Amino acid sequence: LTGDGSFSTTGTTGNIRVDAQGAGSDISLNASMSSTNGSVSLLAADSITLGNGASSFLLSVLGSAKTLELVATSGAVNMAANATARSNGGNVRVDAGTNISIGLIDTRINSDRSGSLTSQSSWGSVALVVGSGSVTDAENSNDDVLVDVYAKTLRMQAGTSVGEGIDHLETEVV
């Protein structure tokens, strides 16, 4: 499944679930996706790609404490360096069979995005779990100082390594 156009839900309720099952089934989103009052789940039998690097990409849940879930059962979750997965104090779960490459995962509440960090206890939690590979920073440059994960709590588990390579992961975790 490839999405090249923006997609959003704006009603008072409603979750988004994109489910690409079957051998070799991927999800590739090149334009932003948002949900105003529901959670978002992207479930692929193989890999998930967020953004193509040509322009910024935003996957967001705007409702307070709504969640993002990205599951690539036998493949990777690849975020472009300029891709963002954002919640408004909700949890984010990224689970991949092989590798996870992170642009930005941001679970701050909206009022803390202006530079204030007064409500860190209200941020969401992040879980990054890889079966057989690594968790890496998509930026891939040794002069990158931009934060990759904003979270109240962070769990990172990988079969090979976490944050290894030319660019380590930068985090802001309570």
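Scroll up to find the structure this text is about.
The structure displayed is predicted, hence computed values, not measured ones. (Residues numbered from 1 in each chain as written. Predicted model: local features only at pLDDT ≥ 70, side-chain atom pairs only at ≥ 80, totals over all residues. Heavy atoms only, no water.)

Novice: Please explain the side chain of Gln 120 as it appears in this structure.
Specialist: Among the structural elements, Gln 120 can be located in the loop between β14 (104–106) and β15 (126–130). With relative accessibility at 19%, the residue Gln 120 sits in the buried group. The contact partners of Gln 120, leaving out residues within four places of it in the chain, are Asp 112, Lys 152, Glu 172 and Val 174. (Helix = DSSP H or I, 4+ residues; strand = E, 2+ residues; numbered from the N terminus. Buried < 20%, exposed > 50% of the residue type's maximum accessible area, 1.4 Å probe, protein only. Contact = heavy atoms within 4.5 Å.)

Novice: Help me out: how do you make sense of the pairing of β15 in this one?
Specialist: For a regular strand, the rule is simple: side chains alternate between the two faces of the sheet. Counting buried positions along β15 yields five of five residues, so the element is predominantly enclosed. Along β15, one buried face is formed by Val 126, Leu 128 and Val 130 and the opposite face, lined by Ala 127 and Val 129, is buried too. Sheet topology note: the strand β12 (residues 92–96)/β15 ladder contains five bridges and is parallel. The residue of β15 that forms the bridge with Ala 96 is Val 130. Pairing analysis gives four bridges linking β15 to strand β18 (residues 154–157), with the strands arranged parallel. Directly across from Leu 128, in β18, lies its bridge partner Met 156. (Pairing = 2+ DSSP bridges.)

Novice: Sorry if this is basic, but what is going on with the sheet that holds strand β7 (residues 48–50) here?
Specialist: To summarise the sheet geometry, strands pair through backbone hydrogen bonds and adopt either a parallel or an antiparallel arrangement. The strand order across the open sheet formed by seven strands is β1-β4-β7-β10-β13-β16-β19, and the pairing between neighbours is parallel. Strands with a single pairing partner mark the edges of an open sheet, and in this sheet they are β1 (2–3) and β19 (161–162). In this sheet, β19 lies alongside strand β16 (residues 134–137) in parallel orientation, the contact comprising two bridges. Paired with Val 135 across the bridge in β19 is Val 162.

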